[in-house]
Amino acid sequence: MYSCHSCLCRVEGLDCGDDAADWFSTVLERPCRLVRQSPTAERLCRSTKEKLSLANQSQFLLVTEPSLSCLAAHTALQKEGCVTEYTDAVLTQRFRPNFLVAGKFEAFAEENWQVVKLGLCQFQVSGLCTRCQVISIDQRTGTRSNDLLRSLISLRGSKVAFGVYLMPSSAGRTENKQESVIVRRGDAVMVSCTEQCS
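Predicted model, so just to flag it, every value in this text is computed and none were measured.

**Q** Describe helix α4 (residues 147-156), listing the residues and the values that go with them.
**A** Within the sequence span of α4, burial applies to D147, L148, L149, S151 and L152. Looking at the buried side of α4, the elements it contacts are α2 (65-77), α3 (88-95) and β10 (161-168).

See below:
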């Protein structure tokens, strides 16, 4: 049993064994252990009381292509100090959403969505994802550059929100409670909005 930290929370973890540790140590060229969350460890989101694994505030994060494109265009205008070309694909790697939604709507429209239905699965929007220094790290190389965070702050302000957290809704489950509902690439997306929704 290991005592691990995830987003400033202490979590009990179980070691996944020497084979996994040896593989990761070889690939990462440094000694390390792979640890998974203990099934007896319970971690709850502060705002929604949703059960969490090792995720930050929610199990699911949604980002939209119009928001990515808006940030990519804004970052391109902030050329001074930018060391990376931030295409939509690069930004997707930096923001790491579970769901990337395409459509003809305004950038950041997702911040006014209340309910999102992806295929047969329905989610409640449980809040905005406030970003930190992690988006400054290139996921492929591990190098750090603050130009993306600076650009996001200049576009969005000091709260640095980008993307929304989703919580599965009981309304989206099938009649057979044991049956899994699968979200697939290309599933239809339906949303309901607050009054500000454009």
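What follows continues from the structure just given.
**Q** Give me the nonpolar core: which residues, what numbers.
**A** The biggest cluster of nonpolar side chains holds 15 residues, and the ones touching the most others in it are L71, L91, F95, L148, L152 and F162. Those elements that provide at least two residues to this core are α2, α3 and α4. Discounting chain neighbours no more than four positions away, the residues touching F95 are L61, L68, L71, R131, I135, L148, L152 and F162. Within the second largest apolar cluster, 12 residues are counted, among which are A109, W113, V125 and V164.

**Q** Would you mind going over the sheet that holds strand β11 (residues 189-193) in detail, with residue names and values included?
**A** If you trace the six strands from one edge of the open sheet to the other, you get β7-β6-β10-β9-β8-β11, paired in mixed fashion. A single partner strand is all that each edge strand has here, and the edge strands are β7 (99-101) and β11. Across this sheet, the average inter-strand angle for adjacent strands is 35 degrees, counted without regard to direction. Direction of pairing for strand β8 (residues 113-118) relative to strand β9 (residues 121-130): antiparallel, over a ladder of four bridges. Its bridge partner being in β9, V115 is matched across the sheet by Q124. Contacts from α2 reach β6 (60-64), β7 and β10, with the element oriented near 60 degrees to β6.

Criteria and thresholds
Residues numbered from 1 in each chain as written. Predicted model: local features only at pLDDT ≥ 70, side-chain atom pairs only at ≥ 80, totals over all residues. Heavy atoms only, no water. Buried < 20%, exposed > 50% of the residue type's maximum accessible area, 1.4 Å probe, protein only. Helix = DSSP H or I, 4+ residues; strand = E, 2+ residues; numbered from the N terminus. Contact = heavy atoms within 4.5 Å. Core = buried A, V, L, I, M, F, W, Y, C linked by side-chain atoms within 4.5 Å. Pairing = 2+ DSSP bridges. Axes fitted to C-alpha atoms, helices over the stretch in contact; angles between N-to-C directions.

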